[in-house]
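# Architecture and fold: a report
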Amino acid sequence: MSKVRLPHRNEFEMFGVVTQRQGASQIKVQCEDGLERSCRITGKMRKRAWIRDNDLVIVRIWDFQPSKADIVWRYLGFQMEHLKRKGFLDKLNI
């Protein structure tokens, strides 16, 4: 398997699971630190990938408002299974 992108912790990135789509580019995401954040899909992601409920994503937390974040990456099903087997998703209840 090729390399799977992981969150860059020094850039305030972490795993999250989409809980609710709210219209336009707004989405509620349950992050691995236990908080539910209001996230937006960045322009690059909006044109490239469809995001649905229960998708595994990487979010980048805003440093000036930690209750909000940007979605920067979406995993496919087989990538999520690979991360689960390797133990990266133990903090999330997927």
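The sections below set out a description of the structure shown in this document. Keep in mind that this is a model prediction, so the values were computed, not measured. (Residues numbered from 1 in each chain as written. Predicted model: local features only at pLDDT ≥ 70, side-chain atom pairs only at ≥ 80, totals over all residues. Heavy atoms only, no water.)

## Topic: the packing of aromatic side chains
What counts, and what does not: Two aromatic rings, drawn from Phe, Tyr or Trp (for Trp, its six-membered ring), form a pair once their centres lie within 6.5 Å of each other, and the interplanar angle then sorts them: stacked below 30 degrees, edge-to-face above 60, tilted otherwise. Strands are runs of DSSP state E lasting at least 2 residues, helices are runs of H or I lasting at least 4, and numbering of each runs from the N terminus. Each residue gets one of three labels from its accessible area relative to the maximum for its type: buried under 20%, exposed over 50%, partly exposed in between, using a 1.4 Å probe on protein chains only.
The final tally for this structure, using the stated rule, is two aromatic pairs. Between Phe15 and Tyr75, the aromatic rings sit 6.0 Å apart at their centres with planes inclined by 45°, giving tilted as the arrangement. Of the two residues, Phe15 is situated in strand E1 (residues 13–21) and Tyr75 in the loop between strand E5 (68–74) and helix H2 (77–86); the sequence distance between them amounts to 60 residues. By relative accessible area, which is 1% here, Phe15 ends up buried. Owing to a relative accessible area of 3%, Tyr75 belongs among the buried residues under this scheme.

## Regarding unusual backbone geometry
Not every positive phi belongs to a glycine, and Ala24 is a case in point at roughly 55°. Residue placement: Ala24 occurs in the loop between E1 and strand E2 (26–31). Residue classification places Ala24 among the exposed residues on the basis of a relative accessible area of 87%. Non-glycine residue Asn54 carries a positive phi angle of around 70°. When you line up the elements, Asn54 lands in the loop between helix H1 (43–48) and strand E4 (56–61). Overall, Asn54 belongs to the exposed group, its relative accessible area being 59%.

## A few points about the nonpolar core
Using the following cut-off: In this text, buried Ala, Val, Leu, Ile, Met, Phe, Trp, Tyr and Cys residues form a nonpolar core when linked through side-chain atoms within 4.5 Å. In what follows, a contact means two residues having at least one pair of non-hydrogen atoms within 4.5 Å.
Core analysis: the largest hydrophobic core is formed by 15 residues, its most contacted members being Ile27, Val29, Ile51, Val59 and Ile71. At the level of elements, E1, E2, strand E3 (36–41), E4 and E5 are the ones that each hand at least two residues to this core. The contacts of Val29, once residues within four sequence positions are left out, are Gly16, Val17, Val18, Thr19, Leu35, Glu36, Arg37, Cys39, Val57, Val59 and Ile71. Of all hydrophobic cores here, the second largest spans 11 residues; its members include Val4, Leu56, Val72 and Tyr75.

## Looking at the sheet that holds E3
Here is the rule: Think of it this way: DSSP has to see at least two bridges between two strands before they count as a pair. Only the contacting stretch of a helix is used when fitting its axis, a line to C-alpha atoms as for every element, and angles between N-to-C directions run 0 to 180 degrees.
Pairing is mixed in the closed barrel, where five strands are placed in the order E1-E2-E3-E5-E4. Taken over all neighbouring pairs, the strand axes of this sheet differ in orientation by 55° on average, direction set aside.

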